[in-house]
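Below, each chain spelled out in residue letters.
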Amino acid sequence: MISIRKKTLLIAVGAIALAALAYGGWMRTSGASADADRFKTHTVSAGAVTHNIAANGTLNPVTLVSVGTQVSGTVKKLHVDFNSKVEKGQVLLELDNSLYAAQARQSAANLKNVEAAMELAAANERRMESLFRQEFVSRQEYDQAIQARKSATAQIAQAQAAVDKDGVNLGYALIRSPVSGVVVDRVVDVGQTVAASFQTPTLIKIAQDLSKMQIDSSFSEADIGFIKLGQKVRFNVDAFPNRSFQGEVRQIRINPTTVQNVVTYNVVVAVDNPEQILFPGMTAYVSIAVSQKKDVLLVPNAALRYKPQQPQKNEAKGDRKAGRKKDAGSGTVYVLANGALKPVSVTLGITDNRMTEIAGGELKTGDVVVVGENGSGNGVPAGSGSSMRVRLF
């Protein structure tokens, strides 16, 4: 007979074996559940995607005229201020014209003087002509009288030119608007002295028509090839964060701007501003839709960025291919099926920076792709050791 002690031992061993089997089954079930709960996933579906390119720009008037002065002087009177509406030819400000008025009077007096000399020279010429015909004077004396009259005529022309010049300078003391528009800037005050030199100083800036404006935006050389004349543009400004405005590409300037080896091009966007709520100098956040596709296969960009932690033993089986550097038109996503990850190479289409078109590859509608992991982050398991079992095909 089997002793009671041996029987107790057999029963204990059997119980331990049954417990081990039960624990193993529980571990397999809980492990699969844990693997499924570990990943953040997205089910692949079809939809529409729009490729937008963006840049910042500055709102400016289409025509901004800088009004200067051609004569020096002290500002005597201002007729306009900021935001004043002006008409073409309207007086904007006056310079002290005392000096120019005196110069004009002096030139006028000099003109009268040479006119008097001209009258005397003409009378002498007539007398010499009569005496020459009577042979009382020589030919030389008569020629000298003719020359004196011609010289006086030239002096009149010279004096008249000086009068005209001084009159123009006197007129320049009144600064007039060259266009109709709105004063957007005034840089002088009464009593300030302005000096005209080789570079005309700016006194006032006038926007010709604020109902028509433009955005001067800078697009990178990588995006400039997508932009065409006439394309529709959407933009926002900080002053109206909840409102979107529209414009149209009017000009692509081929003159490049290079800052720290970054090449950009100025794209001019025409903007209608009938309410005149858009002001010069506002920062515009420009977006241009350059391509749009409908009913195409889409995956989140996070799925294209996701890279799992791969065991060393699996790298030789094909995972090394998944980690190989690809060109911009291809990528790899990881499909989750039955708790296992499978890398799938895909050909990429356009993107809206959130979703990307899948233009080719073995991915299909309904596949579940991994976009991240719960716990410690993307590509890093939430735990460590054998409890985190992930199979890679």
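Not measured: the values here are computed from a predicted model.

**Considerations on the confidence of the model for the protein**
So, point 1. Per-chain confidence: the protein averages 84 in pLDDT, with 81% of residues scoring 70 or above.
So, point 2. Confidence drops under a pLDDT of 50 for residues 29–34, and excluding neighbours within four residues, the segment shows one contact in the predicted structure.
So, point 3. Every residue in residues 311–325 scores below 50 in pLDDT, and together they form 13 contacts with partners more than four places removed in sequence or on other chains.

**What to know about helix H2 (residues 98–133)**
So, point 1. Here H2 spans 53 Å end to end across 36 residues, near enough to the 52 Å set by a 1.5 Å rise per residue.
So, point 2. Taken as a whole, H2 has its buried residues at Tyr100, Ala101, Ala104, Ser107, Leu111, Val114, Met118, Ala121, Ala122, Ala123, Glu125 and Met128.
So, point 3. The inward-facing, buried residues of H2 contact helix H3 (139–172).
So, point 4. Two residues or fewer after H2 comes glutamate 135, characterised by a positive phi angle close to 65°.

**Focus on the side chain of aspartate 367**
So, point 1. Turning to its location among the elements, aspartate 367 is positioned in the loop between strand E18 (355–361) and strand E19 (368–373).
So, point 2. In this structure aspartate 367 comes out as buried when scored by relative accessible area, which is 13%.
So, point 3. In this structure, aspartate 367 is in contact with His42, Thr43, Val44, Val335 and Glu362, ignoring residues within four places of it in sequence.

**Focus: the sheet that holds strand E8 (residues 181–186)**
So, point 1. If you walk across this open sheet you meet the four strands as E3-E10-E8-E5, and the pairing is antiparallel. Each edge of the open sheet is held by one strand with a lone partner, namely strand E3 (64–68) and strand E5 (85–86).
So, point 2. Here five bridges tie E3 to strand E10 (residues 202–207), and the two strands are oriented antiparallel to one another. Paired with valine 67 across the strands is isoleucine 204, a residue of E10.

**Focus: the sheet that holds strand E7 (residues 174–176)**
So, point 1. If you trace the four strands from one edge of the open sheet to the other, you get E7-E6-E4-E9, paired in antiparallel fashion. Whereas interior strands pair on both sides, the edge strands pair on one side only; in this sheet they are E7 and strand E9 (193–194).
So, point 2. Sheet analysis places strand E4 (residues 73–78) next to E9, joined by two bridges and oriented antiparallel. Bridged to threonine 74 within E9 is threonine 193.

Reading the values: rules and limits
- Residues numbered from 1 in each chain as written.
- Predicted model: local features only at pLDDT ≥ 70, side-chain atom pairs only at ≥ 80, totals over all residues.
- Heavy atoms only, no water.
- pLDDT = per-residue confidence, 0-100.
- Contact = heavy atoms within 4.5 Å.
- Helix = DSSP H or I, 4+ residues; strand = E, 2+ residues; numbered from the N terminus.
- Expected span 1.5 Å × (residues − 1).
- Buried < 20%, exposed > 50% of the residue type's maximum accessible area, 1.4 Å probe, protein only.
- Pairing = 2+ DSSP bridges.

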